[in-house]
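The residues making up each chain are set out below.
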Amino acid sequence: MTPERLSSILAGDMVIRFRTKNPMDFTNNKYAIVFDTCAPGSEPYPNAFATGYTNYSYAFVIGGSPSVALPTLYQYILTSGSLNPVAVTSLQPSTVQLQLNDNGLGTEFSLTFPRYLLANPLAQPNGGCTSGTVPATGWFVNFFTIDVSANRVLDSLGLGGSNDASYSLLVDTTTAFQMAINRPPGSTLPSTPSAQIDGGEIDNYL
């Protein structure tokens, strides 16, 4: 893929491409881009229920509903001692742009959004970060595929797939970059073809 020219039109935006090995299934799967935007932070891993969503700040979720073309942004809020996802309902199509099937193969979508959306849109204390952490310019990112019926993670970017706890992807939001994401060879893949993550790309525009 030839990288796009860094353009002032996208100043302040991040573009994320999420790619699977086989055509996506937006009815039976959800495709999530998960962030930890607080410091000191770490990678958000797929065993979220077991860890109480440790290192989760935000997630864009695409699929699993009739309005697949309107991605849902969740902010993770500390309540009753654990983090819980709360939907940010003020997103507008003009603010967040989702292009399905952007490679013509049915295996990739691109999501373009302004970085300011991940700056405490639900106005939580401490900038939306948990105690002992603060908002950061370095963001940890992970991709998940999620089974709609069971609401469980089927795959992630790491070698261990749905059970991975080793992958790490940290991006500096103060730097303009175009970063290809390649799935490590030998990764454990789910049996569901449309859930098998292949990688993608993150582009950051200043």
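Preceding this section is the structure that the text describes.
All residue numbers refer to positions counted from 1 along the written sequence of the respective chain. Given that the model is predicted, a residue must reach a pLDDT of at least 70 before its local features are reported, and side-chain atom pairs must reach 80 or more before they are shown or counted; all residues, however, enter totals for whole chains, interfaces and linings. Here the side-chain values reflect all heavy atoms present in the structure, with hydrogen atoms and water set aside.

Quick look at the overall build of the protein now. Within the protein, the secondary structure is distributed over 1 helix and 12 strands. For the protein, the α and β elements follow one another from N to C terminus as β-β-α-β-β-β-β-β-β-β-β-β-β. Along the first, second and third principal axes, the C-alpha atoms of the protein reach 45 × 40 × 35 Å. Using a 1.4 Å probe on the protein chains alone, a residue whose accessible area is under 20% of its type maximum counts as buried, one over 50% counts as exposed, and one in between counts as partly exposed. With 206 residues in all, the protein has 48% of them scored as buried. Across the protein, the fraction of contacts at a sequence separation of at least 24, relative to all contacts at a separation of at least 6, is 67%. Surface accessibility of the protein: about 9500 Å² in total, with carbon and sulfur atoms responsible for 53%. Here a strand is any run of E in DSSP of at least two residues, a helix any run of H or I of at least four, and the numbering for each starts at the N terminus. Only heavy atoms matter for contacts: two residues are in contact if any of them lie within 4.5 Å across the pair. Only the protein chains shown count as cover for residues, and the accessible areas themselves come from Shrake-Rupley with a 1.4 Å probe.

For the purposes of this analysis, a disulfide is any pair of cysteine sulfur atoms at a distance within 2.5 Å. Taken as a whole and assessed by the stated rule, the structure comprises 1 disulfide. The side chain of C38 participates in a disulfide bridge whose partner is C129; the two sulfur atoms lie 2.0 Å from each other. Taking the torsion about the sulfur-sulfur bond, which here is approximately -90°, the covalent link between C38 and C129 counts as left-handed. Residue C38 is located in strand β2 (residues 29-39), and its partner C129 is located in the loop between β7 (108-114) and β8 (134-147); the two are separated by 91 residues in the primary sequence. Grouping residues by exposure puts C38 and C129 together as buried.

Below, the discussion takes up the packing of aromatic side chains. In this analysis, rings of Phe, Tyr and Trp, with Trp reduced to its six-membered ring, are considered paired at centre separations within 6.5 Å, and the interplanar angle assigns stacked below 30 degrees, edge-to-face beyond 60, and tilted for intermediate values. Inspection of every chain in the model, using the stated rule, returns 14 aromatic pairs. Ring geometry for F26 and Y31: centres 5.3 Å apart, planes at 65°, overall edge-to-face. Judged by relative accessible area, which is 0%, Y31 ranks as buried. Plain terms: the ring middles of Y56 and Y76 are 5.2 Å apart, the flat faces sit at 75° to each other, and that makes the pair edge-to-face. In this pair, Y56 sits in the loop between α1 (48-51) and β3 (58-63) while Y76 sits in strand β4 (residues 72-79), placing the two residues 20 residues apart along the sequence. We note that Y56, like Y76, is buried. In this structure an aromatic cluster arises from ring pairing among F18, F26, Y31, F109 and F143.

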